[in-house]
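# Reading the structure
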Amino acid sequence: MQRFDAIVVGLGAHGSATAAVLARRGLRILGLERFGRGETFGSSGGRSRMIRLAYFEDPSYVPLARASWHGWEALEAETGTSLLTRTGGLYAGPADSSVVAGSVHSAREHDLVHEVLDAAEIHRRWPVFRPSLDTVGLWEERAGVIRADLANEAHLRVAERGGATLRFGARVVGWRPVDGGGFEVETDDGSVAGAACLVLTAGPWTSALVPSLRLPLVVERQPVLWFEPTIDPAELSGERLPVWLMATGDGVFYGFPYDSSLGLKVSLHHTGVFVDPDDAGREVTDADEARVRGFIRSRMPAVDGRLRTSTVCLYTNAPDDHFVIDRHPAADGVAFASACSGHGFKYAPLIGEILADLATTGSTRWPIDGFRSGRFGGPQIA
């Protein structure tokens, strides 16, 4: 049996980042991923993710988002890979919507550079939008796009340069503590590896790896769509169009500047469709497309062109839509993260650091009390 200092189960955004952090610290790492390199079956696949600081979900995320931005910049420098594109961000809707009120609260509490705009000003600056008259928007300067595929690969390369062993197509079927300390991890081919500590970052499959914690997580099916606009795509480039969120009576929609390889990304944030991650319905349906086109025809009619491409990813949600990051209360040396509720990718460099801390030392300097799994009433750390 091979032995390592640490084993990381799941090599999406958070697992790849954790493997990179542990490898930088000089530990011997084994990374196990049930799918292929650059997998797209969980929550980490695809080309783009949003990074923003004026955080409508809760202002307590803002310092973590700032630290994560610095983490991405450090990864760019370390790997020579361009990962961040600053576009600014627009978060719009009725003034009393959580998107607007929460973003304004975060921006003011943390003194972020921002402006509050009315519907007419939003349309003047970005004519592609046709906001309703009651729409208010917060624009912030420091927001943009993360190249998700390149970001994951950059973390994997850092881990490998540090000596990590990464195995793909290796599904973990169980783990157990061993006498004398440490853990054994078994994969579906019957092989077993041992390590002093263990990190579980299996996304939608995390609950199955910690069943005793009874985590109240649900997996949500998320269609993602890219359209070809009916106007000059240059008008929708990253130099002219920010990343954006818009709250409507039909939900919160979001989008990105035009990508010549794919089109203009417009999708619904939180569909309310809950699935088994192994039977999620991976093809985007006519009903999925119609739901997004309804928004486009109302608020972005110039984008109502052909559907160029689409995919389905998964959110793993907690009841309060906040993160779950913790160490296992009954297994010292085991840390896990999941349930980032559709807004966790941007934090990958920081979550990797937190998980590495929890697994190797049992604590972290970062404020994660609000993310602890014990808040759901299950087993807690004494």
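Coordinates for the structure precede this section.
Residues numbered from 1 in each chain as written. Predicted model: local features only at pLDDT ≥ 70, side-chain atom pairs only at ≥ 80, totals over all residues. Heavy atoms only, no water.

## Digging into the sheet that holds strand β3 (residues 48-51)
- In space, the three strands of this open sheet follow the order β3-β8-β4, with antiparallel pairing throughout. The open sheet has two edge strands, β3 and β4 (84-86), and neither has a second partner. Looking at each pair of strands side by side, their axes are set apart by 25° on average, direction ignored.
- Sheet analysis places β4 next to strand β8 (residues 144-147), joined by three bridges and oriented antiparallel. Following the sheet pairing, Thr-85 is matched in β8 by Val-145.
- Where helix α2 (residues 62-79) meets the sheet, its contacts fall on β3, β4 and β8, and the angle it forms with β4 comes to roughly 125°.
- Those strands touched by helix α5 (residues 148-161) are β3 and β8, and its axis lies near 50° from that of β8. (Pairing = 2+ DSSP bridges. Helix = DSSP H or I, 4+ residues; strand = E, 2+ residues; numbered from the N terminus. Axes fitted to C-alpha atoms, helices over the stretch in contact; angles between N-to-C directions. Contact = heavy atoms within 4.5 Å.)

## Overview of the environment of Phe-41
- Note that Phe-41 resides in the loop between β2 (29-33) and β3.
- For Phe-41 and Arg-282, which are 241 residues apart along the polypeptide, the C-alpha to C-alpha distance reads 8.7 Å.
- Here Phe-41 is in contact with Phe-35, Trp-205, Arg-282 and Leu-314, once residues within four sequence places are set aside.

## Comments concerning the sheet that holds strand β16 (residues 264-269)
- Reading across from one edge, β6-β7-β5-β14-β15-β16-β13-β17 is the order of the eight strands in this open sheet, with mixed pairing throughout. Unpaired on one side and paired on the other, β6 (114-118) and β17 (307-317) mark the two borders of the sheet. Within the sheet, the average angular offset between the axes of one strand and its neighbour, ignoring direction, is 20°.
- Here five bridges tie strand β14 (residues 243-248) to strand β15 (residues 251-255), and the two strands are oriented antiparallel to one another. Considered in β15, the bridge of Leu-245 is made with Tyr-254.
- Along the sheet, helix α3 (residues 98-109) contacts β5 (89-94), β6, β7 (135-140), β14 and β15; its crossing angle with β5, the most-contacted strand, is approximately 130°.
- Across the sheet, helix α7 (residues 286-299) is in contact with β7, β13 (218-227), β14, β15, β16 and β17; its angle to β13 comes to roughly 55°.

## Here we look at the pairing of β3
- What you see with β3 is no split at all: Ser-48 and Met-50 on one side and Arg-49 and Ile-51 on the other are buried throughout.
- Relative to β8, β3 runs antiparallel, the two being bridged by four bridges. Within the sheet, the bridge partner assigned to Met-50 lies in β8 and is Val-145. (Buried < 20%, exposed > 50% of the residue type's maximum accessible area, 1.4 Å probe, protein only.)

## Concerning the pattern of salt bridges
- Within this structure, the stated rule accounts for 26 salt bridges.
- With a closest N to O distance of 3.7 Å, Arg-176 and Glu-186 form a salt bridge. One end of the pair, Arg-176, is in strand β10 (residues 172-177); the other, Glu-186, is in strand β11 (residues 183-187), and 10 residues separate them in sequence.
- A relative accessible area of 32% means that Arg-176 is categorised as partly exposed.
- By relative accessible area, Glu-186 is classed as partly exposed at 27%.
- Among the ionic pairs, Arg-293 bridges to Glu-289, the shortest N-O distance being 2.7 Å. Residue Arg-293 and its partner Glu-289 are both found in helix α7; the two are separated by four residues, about one turn of the helix.
- Taking relative accessible area as the criterion, Arg-293 reaches 10% and is therefore assigned buried.
- Note on Glu-289: relative accessible area 18%, which makes it buried.
- The network of salt bridges with shared partners includes Glu-115, Glu-121, Arg-124 and Arg-125. (Salt bridge = Lys/Arg side-chain N within 4 Å of Asp/Glu carboxyl O.)

Remember that the coordinates give geometry; whether it matters functionally is a separate question.
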